[in-house]
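Descriptive analysis of the structure
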Amino acid sequence: GEIRDGETAKMAIDAANTGHLVFSTLHTIDTAATLGRLADLNIDPHRNADALLAIIAQRLVRLNCARCLEDYELTREALTALKLEGGPEKLVLKRGAGCERCHHTGYFEREGIYELFVPDTTLRKLISERNPIADVRRAARKRGIAIEAANAWAVLVKAGDSNAAKNKAMIDDLNKKAAAEKATE
């Protein structure tokens with residue numbers, strides 16, 4: 001079930017610490033924010049570090065309608081804004097132009113973008129020592145865990161995903177939420 005309060009969170013952590021495999025949901029902006037959310041629910045970070053095997057975050061992104069795809073080129077400003085180091089000079093993507101099938105929105109169906117956070121010894125130590133979430137994020141990034149929404153955008157574009165530019169608004173929204181959350185850390 002979903003963890004919505006401290007009592008449920010404590011029961012889940014207690015069960016995990018006694019050898020049970022616990023799966024649950026918790027609403028946060030990314031995987032690292034889960035640690036802060038559990039702290040908000042008065043769960044001792046030391047107990048989190050021992051109990052967490054992995055945290056998975058998911059975002060659903062809209063897919064372009066395959067029936068009305070058209071090519072378009074990203075502007076120089078858009079490429080610069082993406083900050084894709086070593087990226088292409090020119091990037092041609094696809095977008096849905098709008099048709100009856102997609103009700104003239106250009107979108108049809110959704111797909112998940114996932115982030116997996118598997119704490120190693122170093123990350124567990126940072127968590128149990130009550131280090132700020134920003135430090136945990138930095139350490140996770142050094143280990144190849146992409147914690148920020150901007151990384152999802154970069155992955156989509158580098159892969160030539162035709163949906164990337166259409167999902168820029170969603171990624172921008174995630175970045176705003178992440179920035180607001182970081183400001184409170």
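Residues numbered from 1 in each chain as written. Predicted model: local features only at pLDDT ≥ 70, side-chain atom pairs only at ≥ 80, totals over all residues. Heavy atoms only, no water.

Once that is clear, we can look at the pattern of salt bridges. For the structure on display, the rule yields 10 salt bridges. For R95, the salt bridge goes to E70, with nearest N and O atoms at 3.1 Å. Of this pair, R95 sits in strand β3 (residues 92–96) while E70 is found in strand β2 (residues 69–73), placing the two residues 25 residues apart along the sequence. Taking the relative accessible area as the measure of exposure, E70 reaches 33% and is therefore partly exposed. Across the salt bridge formed by K94 and D71, the nearest N and O atoms sit 2.4 Å from each other. On the criterion of sequence distance, the pair formed by K94 in strand β3 and D71 in strand β2 is long-range, its members being 23 residues apart. The class of K94 is partly exposed, set by a relative accessible area of 34%. (Salt bridge = Lys/Arg side-chain N within 4 Å of Asp/Glu carboxyl O. Helix = DSSP H or I, 4+ residues; strand = E, 2+ residues; numbered from the N terminus. Buried < 20%, exposed > 50% of the residue type's maximum accessible area, 1.4 Å probe, protein only.)

This paragraph deals with unusual backbone geometry. Most peptide bonds take the trans form, and the phi angle of most residues other than glycine is negative. The phi angle at N42 is positive, at roughly 65 degrees, despite the residue not being glycine. Structurally, the position occupied by N42 is in the loop between α2 (31–40) and α3 (45–51). Taking the relative accessible area as the measure of exposure, N42 reaches 71% and is therefore exposed. Of note, the phi angle at E109 is positive, near 75 degrees, even though the residue is not glycine. One can find E109 in strand β4 (residues 107–117).

Turning our attention to the packing of α2 against helix α6 (residues 133–142). With their axes 9 Å apart at the nearest point, α2 and α6 run at an angle of 155 degrees to one another. The angle between α2 and α6 places the two elements in the roughly antiparallel class. As for the relative orientation of α2 and α6, their crossing is right-handed in sense. Residues A32, A33, L35 and G36 of α2 form the contact with α6, whose own contacting residues are I133, V136 and R137. Looking at the contact of α2 with α6 residue by residue, the class counts come to five nonpolar, one polar and one charged. (Axes fitted to C-alpha atoms, helices over the stretch in contact; angles between N-to-C directions. Parallel < 35°, antiparallel > 145°, perpendicular 65-115°, else oblique. Left-handed = near helix turned anticlockwise from the far one by under 90°. Contact = heavy atoms within 4.5 Å. Nonpolar A, V, L, I, M, F, W, Y, C, P; charged D, E, K, R; others polar.)

Its place among the elements puts L126 in helix α5 (residues 121–128). Classification of L126 by relative accessible area gives buried; the value is 17%. Spatially, the C-alpha atom of L126 lies 6.4 Å from that of V136, the residues being 10 residues apart in sequence. In contact with L126, not counting residues within four places along its chain, are N131, D135, V136 and A139.

Bringing the packing of aromatic side chains into the picture now. What the rule picks out here adds up to zero aromatic pairs. Lying across the ring of Y107, R62 places its NZ or CZ 3.7 Å from the centre. In this arrangement the basic side chain of R95 is found over the ring face of Y72, its NZ or CZ atom lying 4.2 Å from the centre. (Phe/Tyr/Trp six-rings, centres within 6.5 Å; stacked < 30°, edge-to-face > 60°. Lys NZ or Arg CZ within 6 Å of the ring centre and 35° of its normal.)

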